[in-house]
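Notes for the structure review
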Amino acid sequence: MKNREIAELFYEIADILEYQQVEWKPRAYRKAAQMIENLGEDIENIYAREGKTGLTKIPGVGESIADHIAEYLETGRVEKFEKLKGKAPSGTAELMEIRGLGAKKMKKLADTLGIRTLSDLKNAIAAHRLRRLDGFGEKSEKNLAKAIEQYEKSHARIALGKALPLAEEVISALKSQCKNTTSKVDLSKIIYTGSLRRLKETIGDIDILAEAEKAEALKVMDCFVSLQDVDQVILKGNTKSSVILREGTAIDLRVVPPESYGAALQYFTGSKEHNIELRNTAIKNGYKLSEYGLYLKESGKQIAGRSEEEIYEKLGLAYIPPELRENRGEIKAAAKNALPKLVEAGDIKGDFHIHTSYSEGKNSLKTMIEKAEALGYEYIAITDHSRSQKVANGLEIEKLKAQWEEIDKLSKRFRIKILKGSEVDILRDGSLDYPDEILKELDIVVGGVHSGFALPERKMTERIVTALENRYLDILAHPSGRLFGKREPYSASFEKVFEVAATNGKVLEINSQPSRLDLNDEFILRAKTFGLKFCISTDSHSTTGLGLMRYGLGQARRGWLEKEDVVNTYPYSRLNEIFKKHNR
Ligand code: DGT
Ligand code: CA
Ligand code: CA
């Protein structure tokens, strides 16, 4: 469980170094942090097993970073970092997160107005002290105010991509803790509920539910509050406890007996709006529904409660998957047995958005292919960046052609079909970043906007529309362009975008990167009414990135999508129905 702590520490140090205008080091720390975050193995185990040598085997971790990790694992701190932190203003890392506030500007604010924390900055903006400052002015003051608002909005809730792995870690830690204490409680039924189980894109707090007999409930609570990562115990009771973890996330645990497990699972999964509607349905049918069970209204006799399935069944409803429980018409549909049959993990046959070390990916082409084949995929598209993406090491035509040669060679050695693709920039005028003779050769062209985000609405809409009318474009990548806490969707008419995409038979991407989730559920629901098809893509930059598919899948399911709506559930032999020039 130390992986996240160490990653957070490296991110913080990277921010501080950047503030001090140290070159390339911030990048190195961020890269290491990213690798450690996505390691898929407990870093403490690696260190225990192989020592420092094991650490240096992690991509992005060299000798000196390995030293820091070892020091942290041994002592709980890194001496050098403590010194660095001592020198930097305490709010540095947080201020660095504000869009439009780079190291230079921060230094200026610190030197002239004494601004060291976010609240200093907010006060200064409120008093209009920035607009008189050299290099700032009224406009930048207003922009900063807006950026702060965005930052605070997104930080009040946790991104799904952070909350889900965290909940899984806590559950597994709690299970082993309960097993290892003298009381040896076996938590065979334990699950995360709330917005997390509904796979909402942001999570207020994490809710966990466990089943145990009344006599054992308190023992479970003892284990919970004594977990290593718990910082503060807000409340500890027989049925509910609440804690705050060291990294700031709040967790509620509820423990209920078997006869109420299903009812509690249903209730605490929510949403609140779904529950209210469901309770009304119960009342109409002569029942009473609560977190303890489903009862006959007259006699008070319990008729269901052990499982969610029996509750929905007794209410005359088809089972409603958690992702649909938002009171968006799912209860009516369930009553008519007309719920969508949602796309499932097992339906996915490929991935149309993958980066390799040719551009900014961390793993080689061959490694990415191996991993995708191991996942059981039938096909993948390799889509490194096009040439204008200089910061992402975008491919000049020569390098792209070299990649094609390697793909041809590797294709002979692998079962999986490897499609030659590219994530091509949609330039400001809507044209694509390679000439037609190159686009023509590609099996899959994934087009995306990666610069010039601030275009006015009409211009941005025209730009995307032009790209969608290009015969060589297959998939519109991350169509809304939003980034959690950093960027709102482009100002564009998405109605127009969806309409033109549909007319031209283009596929919309559901990007699985936790910082994107784009399209999200609401856009998907809207886009589906235009008759559009979607693909769920990982946009992976490493082998672990391939595992992000579940997040995009969650959005697809929240958007009521079925297998047939999602083209990367199709077998390879059907892809030419969708991508007309494929096999050309
Ligand atoms: P969050 O944490 O803000 O992302 O959203 P949830 O949905 O996890 O909400 P939370 O943690 O406040 O409560 C968990 C579930 O408990 C919620 O989804 C439904 C249920 N619940 C909470 N309060 C109420 C309520 O006042 N009425 C009903 N019917 N259900 C509630
Ligand atoms: Ca919650
Ligand atoms: Ca809660």
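For the structure itself, look to the data block above.
Residues numbered from 1 in each chain as written. Chains lettered and ligands numbered in written order. Predicted model: local features only at pLDDT ≥ 70, side-chain atom pairs only at ≥ 80, totals over all residues. Heavy atoms only, no water.

**Points about the overall build of the protein chain**
Counting its secondary structure elements, the protein chain contains 24 helices and 17 strands. Here the C-alpha radius of gyration of the protein chain, 26 Å, is about what a compact globule of 584 residues would show, namely 25 Å. In terms of principal-axis extent, the alpha carbons of the protein chain reach across some 75 × 60 × 55 Å. For the protein chain, contacts bridging at least 24 residues in sequence account for 67% of all contacts bridging at least 6. Total accessible area on the protein chain is roughly 26300 Å²; 48% of this is exposed by carbon and sulfur atoms. (Helix = DSSP H or I, 4+ residues; strand = E, 2+ residues; numbered from the N terminus. Rg over C-alpha atoms; globule rule 2.2 N^0.38 Å. Contact = heavy atoms within 4.5 Å. Areas by Shrake-Rupley, 256 points an atom, 1.4 Å probe, with all protein chains shown as cover.)

**With respect to the sheet that holds strand 10 (residues 302-304)**
Two strands in a sheet stick together by hydrogen bonds in their backbones, pointing the same way (parallel) or opposite ways (antiparallel). Pairing in this open sheet of three strands is antiparallel, and the strands run 8-9-10 from one edge to the other. On the outer flanks of this sheet lie strand 8 (287-289) and strand 10, each paired with one strand and no other. Taking the axes of each pair of neighbouring strands and ignoring which way they run, one obtains an average angle of 35° across the sheet. Strand direction decides the pairing type here: strand 9 (residues 294-296) and strand 10, joined by two bridges, are antiparallel. Paired with Leu-294 across the two strands is Ala-304, which belongs to strand 10. Those strands touched by helix 14 (residues 272-284) are strand 8 and strand 9, and its axis lies near 160° from that of strand 8. (Pairing = 2+ DSSP bridges. Axes fitted to C-alpha atoms, helices over the stretch in contact; angles between N-to-C directions.)

**Thoughts on the coordination of the calcium ion (ligand 2)**
The coordination sphere of the calcium ion (ligand 2) contains the protein donors Asp-205 (O), Asp-205 (OD) and Asp-207 (OD), at a distance range of 2.2 to 2.6 Å. Each of the six donor atoms bound to the calcium ion (ligand 2) contributes to angles spanning 68 to 165°, and the resulting shape is irregular. Here the calcium ion (ligand 2) and the calcium ion (ligand 3) are spaced 3.7 Å apart, and both take Asp-205 as a donor. With a relative accessible area of 25%, Asp-205 lands in the partly exposed category. Look at Asp-207 and you get buried, because its relative accessible area is 10%. (Donors = N, O, S within 2.8 Å, 3.2 Å for Na, K, Ca; no water. Tetrahedral: all angles 85-135°; square planar, octahedral: opposite > 155°, others 65-115°. Buried < 20%, exposed > 50% of the residue type's maximum accessible area, 1.4 Å probe, protein only.)

**Notes on the pairing of strand 17 (residues 533-537)**
Counting buried residues in strand 17 gives four out of five residues, a clear majority hidden from the surface. Note on the crossover from strand 16 (residues 507-511) through helix 22 (residues 521-528) to strand 17: the handedness is right-handed. (Right-handed = clockwise from strand over helix to strand, strands pointing away.)

**Re the side chain of Asp-425**
Considering the arrangement of structural elements, one finds Asp-425 in strand 13 (residues 417-425). One buried charge, Asp-425, has no salt-bridge partner; the nearest side chain with opposite charge is Arg-463, at 6.4 Å. Here Gln-389 takes part through its side chain, which lies 3.2 Å from a polar atom of the side chain of Asp-425. Apart from the residues lying within four places of it in its own chain, the contact partners of Asp-425 are Ser-386, Ser-388, Gln-389, Ser-431, Leu-432, Asp-433, Gly-448 and His-450. (Lys, Arg positive; Asp, Glu negative; His and termini not counted. Salt bridge = Lys/Arg side-chain N within 4 Å of Asp/Glu carboxyl O. Polar contact = N/O pair within 3.5 Å; in protein donor to acceptor, adjacent residues only side chain to side chain.)

**Looking at the sheet that holds strand 6 (residues 240-245)**
Here we have five strands laid out as an open sheet, ordered 2-4-7-6-5, and mixed in their pairing. The outermost strands of the open sheet, each flanked by one partner alone, are strand 2 (190-192) and strand 5 (230-236). Neighbour to neighbour, the strand axes of the sheet diverge by 20° on average, direction disregarded. Helix-sheet contacts for helix 10 (residues 160-180) involve strand 2, strand 4 (206-211), strand 6 and strand 7 (250-256), and the interaxial angle to strand 2 is about 165°. Each of strand 2, strand 4 and strand 7 touches helix 13 (residues 261-269); the most contacted strand, strand 4, lies at about 175° to it.

**Points about the coordination of the calcium ion (ligand 3)**
Donor atoms from the polypeptide that bind the calcium ion (ligand 3) are Asp-205 (OD), Asp-205 (OD), Asp-207 (OD) and Asp-252 (OD), placed at 2.2 to 2.7 Å. Mapping the donors of the calcium ion (ligand 3) onto the primary sequence yields the spacing D-x1-D-x44-D. Overall, Asp-252 belongs to the buried group, its relative accessible area being 10%.

**Remarks on the nonpolar core**
By size, the foremost hydrophobic cluster in this structure holds 60 residues, and its most contacted members are Phe-498 and Leu-508. Grouped together as the second largest cluster of nonpolar side chains are 37 residues, Leu-160, Leu-245, Leu-253 and Val-255 included. (Core = buried A, V, L, I, M, F, W, Y, C linked by side-chain atoms within 4.5 Å.)

**Here's the deal with the site of ligand 1**
Taken together, the neighbourhood of ligand 1 is formed by 16 residues, with Arg-157, Ser-195, Gly-204, Asp-205 and Arg-279 sitting nearest. Within the side chain of Asp-207, an N or O atom sits 3.0 Å from an oxygen atom of ligand 1. The side chain of Tyr-267 places a nitrogen or oxygen atom 3.3 Å from a nitrogen atom of ligand 1. Considering ligand 1 on its own, with 590 Å² of exposed area, one finds that the protein chains cover 71% of that surface. Contributions of two or more residues to the shell around ligand 1 are made by helix 11 (194-197), helix 13 and helix 14. Its residues assigned to classes, the shell around ligand 1 comprises three nonpolar, seven polar and six charged. Residue assignment places the shell around ligand 1 across two domains, with domain 2 (158-256) and domain 3 (269-335) each supplying three or more. (Near = heavy atom within 4 Å. Nonpolar A, V, L, I, M, F, W, Y, C, P; charged D, E, K, R; others polar. Domains from an automatic or database assignment.)

Interpretation in functional terms is not warranted from these geometric data alone.
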